[in-house]
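# Residue-level structure breakdown
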Amino acid sequence: MKKIDLEQKSLEIQKIISRYSKESFVCFFADFIRHHPERSNIGFSEKFKSKLKDSLYLIMLRLSTPLEGKEELHYSEKNDLVLQQVADILLEIVSFYLSENYDGNEFDEISDKRQKLLVHELAFKNYFQNGILNYREQEVNKVIRMFKPYQDKIQERLEIDLKTLIDLCNHSELIYRAKSINSKSFILDKGFDKLARQSANGLLAENEFTDKLLELSDETQESFLNFFEKPHQCLLFAKQDFHLSFEEKHIDIFCGLFSIDIKDNHSNLFYSQQNPLENKPIIRISDNQYLNIYQKQLPSALYDLLYTTLTQTKKEKEQLNFRRGKVVLESHTLEIFKKFFKKSKRIKIFTNYYINNEPEEKDILILVDNNAYIIECKASRYREPRRVTEQAYQRIKSDFNNCIQKGYDQCYQVEQELLNNEKVFVSLKNKSEVIITNEIHEIFSIVVTSERFASIQTDLGLLLKRKNSEDPYPWSIYVDDLETFLKALYNSFSNPSRKIFDFLEHRELLHGRLITNDELDVCAMFLKDPKNFKEICESEYVVFTDPTLQNYFDKLYFDKKLKFKIEDF
């Protein structure tokens, strides 16, 4: 691919979209982010590789110019053609970030450079183009688990308490839902329902829809027209919407912490720049009108805010990082497995233990139904990939080694002790126990991470170094995905411990030939059809997962078959 000027391409997009007013532009894309799953994926939408990331970039690009814009952006064939042009240029930019590292001979033979290019491309796309599939309650619980011991310090430094901050985030979602239901009240009119069905089935002549709409009640007409003209209306809020439940000073602090002003000067030109909307996902449209750009981001933004607020010194940062891994991640992982195996009668759990004469403390060992689950929890950070492959690969590899590789190496030490000794001594704080190893039928190693590593985690054949090529791969999974999968597994089968055994036994076979960026896609394959999953794993083909498999967990969630309880303070 020929070299392009990234700045020039970004300015080209900015010039195109600056024809639209800032308010109409940000409202259009806020609505698109929230509601595009409910609509057909055609036109410009089909060309967006990441509906979320691309939209957030375009919003900040539009706000990074003083030009006001004279046109209003709403959906029309004309505007769709303009946005398709924008999408084409955006695709050029994203493609170039990776293609500039290729010189044309990378795939002539299997080589180290080819491996690095593949890892870099997967990491770049996963980091910049994919949102994280998890659920709001999981994000809120992450905040509570991490920061509840620091409530006094939060109150002192932010002048608002932790519970009120979380309640404000949750109330924001409740306001949206109430307004969303109200904005679509026309759907409840049986006359409109009949009219919509006739229109969808092509039973109405030209302009007949409008004539028949005028025959319906004024309320239905007004509701439909308001929704048609301002589908983003339910994403708008005023401070007064919170007044019945919160003090005015707390509302002011909340809006100040999590919003940017549409009139502020911004300088976001490049796609790979840090986007302010990730930390402040609300835009202040006018003196007392705010727009939710991406409400699901609010708990994540709160987590990042509190982390920054509570790490003002080196000592504070060290203490909080230790808590994130050794305390929070390990405790949460242990609780997930305890709940999952609670039906099992033969179970023994060791935590923070030492095995034989190994000097290093290990995290969790579970013996259940004559199987051993060696679990290591790793909270190392996964940093933003760089653009140049050599630099990017070193950073990706370093982050992988500090997290997943280290976890595997620790699991491997325990595994070898269990395989090569008739008896193993497990030492804990106040006691020591003996494990008779011939009673163990199978051993599984599991590395649980506090962040998602996407493709390099789902296919460990890309980076993991094993002692011997015959050694089995571990299962490495992001903690929220672990919680989601084990909850679904527990609720779907009468013998969940047998099912996790079946899953892990076959999951290991996919490494080295799996194309997916989300472990939950693989988990959904198993839940939907365990027999077919086994057949796929036992084949020798390269496996591409269907991205719509994520809908499997969404359906369980919205059908209230997958529930996450908000933790106590």
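The numbering scheme is per chain: residues are counted from 1 as the chain's sequence reads. The predicted nature of this model means local features are confined to residues of pLDDT at least 70 and side-chain atom pairs, given and counted, to a pLDDT of 80 or more, with totals for whole chains, interfaces and linings taken over all residues. Side-chain metrics rest on all non-hydrogen atoms present in the structure, leaving aside hydrogens and water.

## Some thoughts on the overall build of the protein
Worth spelling out the cut-off: Strands are runs of DSSP state E lasting at least two residues, helices are runs of H or I lasting at least four, and both sets are numbered from the N terminus onward. Here, two residues are considered to be in contact whenever any of their heavy atoms come within 4.5 Å of each other. Accessibility throughout is a Shrake-Rupley quantity obtained with a 1.4 Å probe, and a residue counts as covered only by protein chains that appear here.
On a plain count of helices and strands, the protein comes out with 22 helices and 13 strands. The principal-axis extents of the C-alpha atoms in the protein amount to approximately 85 × 60 × 55 Å. Residue pairs in contact within the protein that sit at least 24 positions apart in sequence constitute 74% of those at least 6 positions apart. Carbon and sulfur atoms form 48% of the exposed surface of the protein, whose accessible area is close to 28300 Å².

## Some thoughts on the sheet that holds strand 5 (residues 347–355)
For clarity, the cut-off: Any two strands are treated as partners once DSSP identifies two or more bridges connecting them. Interaxial angle, 0 to 180 degrees, is taken between N-to-C directions of lines fitted to C-alpha atoms, where a helix line uses only the stretch in contact.
With mixed pairing, seven strands are arranged side by side in an open sheet as 9-8-5-6-7-10-11. Because the sheet does not close on itself, it has two edges, and the strands there are strand 9 (432–436) and strand 11 (475–478). Across this sheet, the average inter-strand angle for adjacent strands is 35°, counted without regard to direction. As judged from the eight bridges shared by strand 7 (residues 371–378) and strand 10 (residues 442–449), these two strands associate in the parallel manner. Pairing of Asn371 across the sheet is with Glu442, part of strand 10. Those strands touched by helix 18 (residues 479–492) are strand 10 and strand 11, and its axis lies near 100° from that of strand 11.

## With respect to the confidence of the model for the protein
Where we set the bar: pLDDT: the predictor's confidence for each residue, scored from 0 to 100.
Per-chain confidence: the protein averages 89 in pLDDT, with 91% of residues scoring 70 or above. Confidence drops under pLDDT 50 across residues 101–110; counting only partners more than four residues distant or on other chains, this segment forms 17 contacts.

## Structural notes on a negative patch on the surface
Operational definition: Exposure above 30% relative accessible area and the lack of any salt bridge qualify a residue for a patch; like charges then connect within 9 Å, and the nonpolar side chains Val, Leu, Ile, Met, Phe, Trp and Tyr within 5 Å. The working definition used for a salt bridge is a side-chain nitrogen of Lys or Arg within 4 Å of a carboxyl oxygen of Asp or Glu. Only four residue types enter the charge count, namely Lys and Arg as positive and Asp and Glu as negative; His and the chain termini do not. To locate a charge, take atom NZ for lysine, CZ for arginine, CG for aspartate or CD for glutamate.
Side chains of Glu442, Glu505, Asp529, Glu535 and Glu538 sit close together on the surface and give a patch of like negative charge. Here Asp529 is to be found in the loop between helix 20 (519–528) and helix 21 (530–538).

## Thoughts on the sheet that holds strand 1 (residues 236–237)
The four strands are arranged 1-4-3-2 in an open sheet whose pairing can be described as mixed. Looking along the sheet, the strands with just one partner apiece sit at the ends: strand 1 and strand 2 (259–261). With two bridges joining them, strand 1 and strand 4 (residues 289–292) adopt antiparallel strand pairing. Bridging from a neighbouring strand, Phe237 pairs with Tyr290 of strand 4. Its contacts with the sheet put helix 2 (residues 22–35) on strand 3 (282–286) and strand 4, and the angle it makes with strand 4 is roughly 40°.

## A closer look at the nonpolar core
The line we're drawing: Among buried residues, the Ala, Val, Leu, Ile, Met, Phe, Trp, Tyr and Cys ones that are joined through side-chain atoms within 4.5 Å form a nonpolar core. Think of it in three bands: residues with accessible area under 20% of the maximum for their type are buried, residues over 50% are exposed, and the middle band is partly exposed, with areas taken using a 1.4 Å probe on protein chains only.
Counting 50 residues, the largest nonpolar core has Tyr373, Phe485, Ile500, Phe503 and Phe553 as its most contacted members. Residues Leu73, Phe96, Leu236 and Tyr271 belong to the second largest nonpolar core, which totals 48 residues.

## Focus: the packing of aromatic side chains
Condition: Between the rings of Phe, Tyr and Trp (Trp by its six-membered ring), a pair exists once the centres lie within 6.5 Å; its type follows the angle of the planes, with under 30 degrees stacked, over 60 edge-to-face, and the other angles tilted. Any Lys NZ or Arg CZ that is within 6 Å of a ring centre and within 35 degrees of that ring's normal is treated as a charge sitting over the ring.
Inspection of the entire model under this criterion finds 41 aromatic pairs. Judged by centre distance (6.3 Å) and plane angle (5°), the rings of Phe29 and Phe48 are stacked. Pair noted here: Phe29 is in helix 2 and Phe48 is in the loop between helix 3 (44–47) and helix 4 (51–63), with a separation of 19 residues, a long-range link. One exposure class covers both Phe29 and Phe48, and it is buried. Ring geometry for Phe526 versus Phe533: centroids 5.4 Å apart, planes at 85°, classification edge-to-face. Owing to a relative accessible area of 0%, Phe526 belongs among the buried residues under this scheme. Look at Phe533 and you get buried, because its relative accessible area is 0%. Through successive ring pairs, a cluster of aromatic residues spans Tyr20, Phe25, Phe28, Phe29, Phe32, Phe44 and Phe48. Lying over the aromatic face of Tyr473, Arg466 brings its terminal NZ or CZ to 3.9 Å of the ring centre.

## With respect to the pattern of salt bridges
Inspection of every chain in the model, using the stated rule, returns 30 salt bridges. The partner of Glu278 in a salt bridge is Lys53, and the shortest N-O contact between them spans 3.7 Å. Placement of Glu278 in the loop between strand 2 and strand 3 and of Lys53 in helix 4 is noted, with a sequence separation of 225 residues between them. Looking at Glu278, the relative accessible area reads 25%, which means it is partly exposed.

## So, helix 9 (residues 162–183)
As a reminder, the rule being used: Multiply 1.5 Å by the residue count of a helix minus one, and that product is the helix's expected span. Think of a polar contact as two N or O atoms within 3.5 Å of one another; within protein, one of them needs to be a possible hydrogen donor and the other a possible acceptor, and neighboring residues in sequence only count if both atoms come from side chains.
Across its 22 residues, helix 9 extends 32 Å between first and last C-alpha, which sits within 8% of the 32 Å expected from 1.5 Å per residue. Capping the start of helix 9 is the job of one residue whose side-chain oxygen sits 3.3 Å from the backbone nitrogen of Lys163: Asp161.

## Focus on unusual backbone geometry
A negative phi angle characterises most non-glycine residues, just as the trans form characterises most peptide bonds. Positive phi, normally seen in glycine, also occurs at Asn352, with a value near 50°. Position of Asn352 among the secondary structure elements: in strand 5. Under the relative-accessibility criterion, Asn352 is labelled partly exposed at 27%. The backbone of Ala454 shows a phi angle near 55°, a positive value even though the residue is not glycine. Following the sequence through the fold, Ala454 ends up in the loop between strand 10 and helix 17 (455–458).

## Focus: the packing of helix 7 (residues 136–147) against helix 9
For the record, the criterion: Here roughly perpendicular refers to angles of 65 to 115 degrees, roughly parallel to angles under 35, roughly antiparallel to angles over 145, and oblique to all remaining angles.
At a closest axis distance of 11 Å, the pairing of helix 7 and helix 9 adopts a crossing angle of 175°. As summarised for this structure, helix 7 and helix 9 are arranged roughly antiparallel, according to the angle between their axes. On helix 9, the residues that touch Arg136, Val140, Val143, Ile144 and Phe147 of helix 7 are Leu162, Ile166, Cys169, Asn170 and Glu173.

## Let's talk about a positive patch on the surface
A cluster of like positive charges, contributed by Lys339, Lys342, Lys343 and Lys565, occupies part of the molecular surface. Within the fold, Lys565 resides in the segment after helix 22 (551–558). Of the residues examined, Lys565 reaches a relative accessible area of 69% and is grouped as exposed.

## Notes on the side chain of Lys51
If you trace the backbone, Lys51 turns up in helix 4. Buried charge Lys51 goes without a salt bridge, the closest partner of opposite sign being Asp54 at 7.6 Å. Only 3.1 Å separates the side chain of Lys51 from the backbone oxygen of Ser45, close enough to count as a polar contact. Within the structure, the side chain of Lys51 is placed 3.4 Å from the backbone oxygen of Phe48, a separation counted as a polar contact.

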